[in-house]
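One letter stands for each residue in the lines below.
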Amino acid sequence: MFERIAMSKYLLTIISALFLIQTAALCEVVPGADGRITYIGRTAVIDGSVSFDWTGTYLKVRFQGASLEMRVSDTGKNYYNVWLDGNMASKPDKVLKVTGADTTITVLSPADLQARFGKDKKALKAPHQVILQKRTEGSQGRTTIKEFITDGTFMAADKPSGRVIEFIGDSYTCGYGTEASNTEHFSPETENQNLTYACATARYFGAEQVVIAHSGIGIVRNYNGKLNEGNMPGRYQHVFDAQDAPKWDPNVSPLKPAITVIYLGTNDFSTRMQPAERAFTAAYINLLKQIKEFYGDGHPVLCMAPKHDILQLRYIMEAAKASGLGGIHVMGLGASVHNDTTDMGADGHPNYNGHLKIAHSVIPYISTITGWEMMDSPVK
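Residues numbered from 1 in each chain as written. Predicted model: local features only at pLDDT ≥ 70, side-chain atom pairs only at ≥ 80, totals over all residues. Heavy atoms only, no water.

Caption draft 1: Expanded view of the overall build of the protein chain. When helices and strands are tallied, the protein chain shows nine helices and 15 strands. For the protein chain, the spread of C-alpha atoms along the principal axes amounts to about 95 × 45 × 40 Å. Looking at the protein chain residue by residue over its 380 residues, the buried ones come to 52%. Look at the contacts in the protein chain between residues 6 or more apart in sequence, and 76% of them connect residues 24 or more apart. Summed over its atoms, the accessible surface of the protein chain is roughly 17,100 Å², and 56% of this surface lies on carbon and sulfur atoms. Where the 37 positive side-chain charges of the protein chain centre and where its 38 negative ones centre are 2 Å apart. (Helix = DSSP H or I, 4+ residues; strand = E, 2+ residues; numbered from the N terminus. Buried < 20%, exposed > 50% of the residue type's maximum accessible area, 1.4 Å probe, protein only. Contact = heavy atoms within 4.5 Å. Areas by Shrake-Rupley, 256 points an atom, 1.4 Å probe, with all protein chains shown as cover. Lys, Arg positive; Asp, Glu negative; His and termini not counted. Charge placed at Lys NZ, Arg CZ, Asp CG, Glu CD.)

Caption draft 2: Structural detail: empty space enclosed by the protein. Under the defined criterion, the tally for this structure stands at one cavity of 30 Å³ or more. Taken as a whole, the largest cavity spans an internal volume of roughly 80 Å³. In terms of lining, the largest cavity is formed by Gly41, Arg42, Val164, Glu166, Val210, Trp248, Pro250, Ser253, Leu255, Pro257 and Tyr295. Its residues placed into classes, the lining of the largest cavity shows seven nonpolar, two polar and two charged. (1 Å grid on protein atoms, 1.4 Å probe; cavity = no way out; pocket = protein on both sides within 12 Å on 5 of 7 lines; lining within 4 Å. Points joined across faces, edges and corners; volume = space filled by probe spheres on them. Nonpolar A, V, L, I, M, F, W, Y, C, P; charged D, E, K, R; others polar.)

Caption draft 3: Region of interest: unusual backbone geometry. Following Ala245, the chain continues to Pro246 via a peptide bond in cis, the omega torsion being 0°. Following the sequence through the fold, Pro246 ends up in the loop between helix 6 (232–235) and strand 13 (259–263). You will see that Asn224, though not glycine, has its phi angle at about 55°, which is positive. With respect to the element layout, Asn224 can be found in the loop between strand 12 (208–213) and helix 6.

Caption draft 4: Expanded view of the nonpolar core. With 31 residues, the main nonpolar core has Ile262 and Tyr284 as its most contacted residues. At the level of elements, helix 7 (277–295), strand 14 (301–305) and helix 8 (310–323) are the ones that each hand at least two residues to this core. At eight residues, the largest contribution of residues to this core is made by helix 7. If sequence neighbours within four positions are ignored, Tyr284 has contacts with Ile219, Ile262, Cys303, Ile316 and Ala319. In this structure, Tyr80, Leu96, Val107 and Ile145 belong to the second largest nonpolar core, which totals 26 residues. (Core = buried A, V, L, I, M, F, W, Y, C linked by side-chain atoms within 4.5 Å.)

Caption draft 5: Region of the structure containing the confidence of the model for the protein chain. Overall, the predicted model of the protein chain reaches an average pLDDT of 93, with 93% of residues at or above 70. Contacts from residues 11–25, a stretch scored under 50 in pLDDT, to residues over four places away or in other chains number zero contacts. (pLDDT = per-residue confidence, 0-100.)

So, in structure tokens, the structure goes:
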């Protein structure tokens, strides 16, 4: 009797081991820094994991299987847009919340694929590319991707486009309140960098976007702040939003922007204060020089003055002139670029419709400066 029980336990152990071996053979686990994964934006690789926090950072991963998971940690709570087998259209296929330490999150389940492709077995078994985009900004936390897991295999994702635009900005570029109504206040859930003028402009030109932006930040004064405290000229070289080290080295990145767009200044003049012209222009010139040091003297920069503020436009024009640098272009947004009712989201910030109107204003400038042709296609 005891021999039979022992034999049964022995057989169960063997069967379990064989099942685990078979299951392991059907799965592939790769580190976040695997060379088949494409990252767009400023990232840091540490022990095979990839960390980042700037808003709008995104990645592309391709797999062939019935599911995709990622093992991830986050210092706060961030939200991600997810697209399956497509580009970064204005509306994602789903939104993921990333929070906690060492968490395994299902990016796509068999049910997700079934809902998308139905009974089309050929489509179900085909390779799929997924894009994940950080829609919330650095103040919401830093994400570290440790591993991707699939029950199938991984393949090389699409490489970056030959066109890259770098955007430097504040809450407008972050997508603050783009999904909120004009009666709501800010919440991370309604922040969506993908619905900004920056993303719409990049999509129009078929370009990648690299975003360096933080809500409330200014050139020499942040929103309701004092002078020279954590402003953009002091953060521009950061790998991580609010961390001084490590510094970003543009020479190690394959992403070389064809143009940099700066959309800053609103916060400098916030809450009934304004900086002196000398202080503002000196800080703006400092930022322009950093950009030129990164990408060379011939690199073009488009400086946008905030909506209907003639004084800021004059300050920015003076900074461009006084810098002595070539390839510096300035544009101002008029009062009617978008309205203050139906084009607005949370706390006086534009919604998607308002951002589209800004994009329509910016696109001709970028076309002229870069030589990229304007196309008979919608801005979206």
